[in-house]
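# Per-entry structural report
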Amino acid sequence: ACHMLEIELKARLDPDQAKNLEARLVDLGLAFDHWSRESDDYFQAPDRDFLKSDEALRLRSLENEGGSQAFLTYKGPKLDPLSNTRREIETPIGHVPDLKAILTALGYRSLLTVKKTRRLYRGRGPLEGISLCLDQVEGLGSFLELEYLLADDLNPDKRESIRNRLLSLLDDLAVSRDRLTRKSYLELLMTSMTS
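To start, this report covers the structure provided alongside it. (Residues numbered from 1 in each chain as written. Predicted model: local features only at pLDDT ≥ 70, side-chain atom pairs only at ≥ 80, totals over all residues. Heavy atoms only, no water.)

### Details of the overall build of the protein chain
The secondary structure content of the protein chain amounts to 5 helices and 8 strands. Put simply, the protein chain runs from its N terminus to its C terminus through helices and strands in the order β-α-β-α-β-β-β-α-β-β-β-α-α. Its C-alpha atoms give the protein chain a radius of gyration of 17 Å, within 12% of the compact-globule value 16 Å for 195 residues. Its C-alpha atoms give the protein chain principal-axis dimensions of roughly 50 × 35 × 35 Å. Within the protein chain, the fraction of its 195 residues that count as buried is 46%. If you sum the accessible surface of the protein chain, you get close to 10100 Å²; carbon and sulfur atoms cover 52% of it. Of note, the protein chain has its 29 positive side-chain charges centred 2 Å away from the centre of its 33 negative side-chain charges. (Helix = DSSP H or I, 4+ residues; strand = E, 2+ residues; numbered from the N terminus. Rg over C-alpha atoms; globule rule 2.2 N^0.38 Å. Buried < 20%, exposed > 50% of the residue type's maximum accessible area, 1.4 Å probe, protein only. Areas by Shrake-Rupley, 256 points an atom, 1.4 Å probe, with all protein chains shown as cover. Lys, Arg positive; Asp, Glu negative; His and termini not counted. Charge placed at Lys NZ, Arg CZ, Asp CG, Glu CD.)

Printed below as a string of structure tokens:
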């Protein structure tokens, strides 16, 4: 399993904005990598409230042209007030129903499932290491995610400089910063269901 720090910006897009963006990505040095359909099952712990502790336990089943895979991911609390930077531990899993049965036996319960279609682009040249996702989320609409993964021992200055690179890429994409959200898709969906 790899322990990573995920530096992430997420912005809500208008449907037409999502279409127009795709044409600009190539010019900026982002190349289409793959599409996937993802179903994310979020779990609540028996001993603490992950929504309050700002943690997440996610079981992701995904399919793309390569077939289907599943991953179990733990995400720690957000580390800075501007982006969604957090510690992430992820491992591939074999049989989803068995893992669900284990989690249920331990008192974890399924909170909500987030379903989305994702088109992933990877940065080249000066954008090396940056990935960009155009997401269509069931019940929420279109989103853009900019992400940079790094080994989690990094100093705050380096984290901040990467976050600033992501922010300037957002400016290059002409996506206004007031569209940024620090809420996860899970939190956004839960809010939309209660409102």
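### Focus: helix α3 (residues 96-105)
Among the residues making up α3, those that are buried are Val-96, Leu-99 and Leu-103. Each buried residue of α3 lies within a common arc of 65° when the element is viewed along its axis, so the set occupies one face. Those residues of α3 that are exposed and angled more than 90 degrees off the buried face are Thr-104 and Ala-105. Packed against the buried residues of α3 are β2 (30-44), β3 (56-64) and β4 (67-75). Just past α3, the residue Gly-107 takes up positive phi, approximately 95°. (Arc of directions from axis to C-beta. Contact = heavy atoms within 4.5 Å.)

### With respect to the layout of surface pockets
One number sums up the size of the largest pocket: a volume of about 830 Å³. In terms of lining residues, the largest pocket is bounded by 46 residues, among which Glu-6, Arg-58, Arg-60, Arg-118 and Glu-147 are the most central. Of the residues contributing to the lining of the largest pocket, the split by class is 16 nonpolar, 8 polar and 22 charged. A volume near 160 Å³ is recorded for the second largest pocket. Taken together, Leu-13, Pro-15, Ala-18, Glu-22, Thr-117, Arg-118, Arg-119, Leu-134, Asp-135, Gln-136, Ser-142 and Phe-143 make up the lining of the second largest pocket. Elements supplying a minimum of two residues to the lining of the second largest pocket: α1 (15-28), β6 (109-123), β7 (130-137) and β8 (141-151). Taken together, the residues that form the lining of the second largest pocket break down as 5 nonpolar, 3 polar and 4 charged. (1 Å grid on protein atoms, 1.4 Å probe; cavity = no way out; pocket = protein on both sides within 12 Å on 5 of 7 lines; lining within 4 Å. Points joined across faces, edges and corners; volume = space filled by probe spheres on them. Nonpolar A, V, L, I, M, F, W, Y, C, P; charged D, E, K, R; others polar.)

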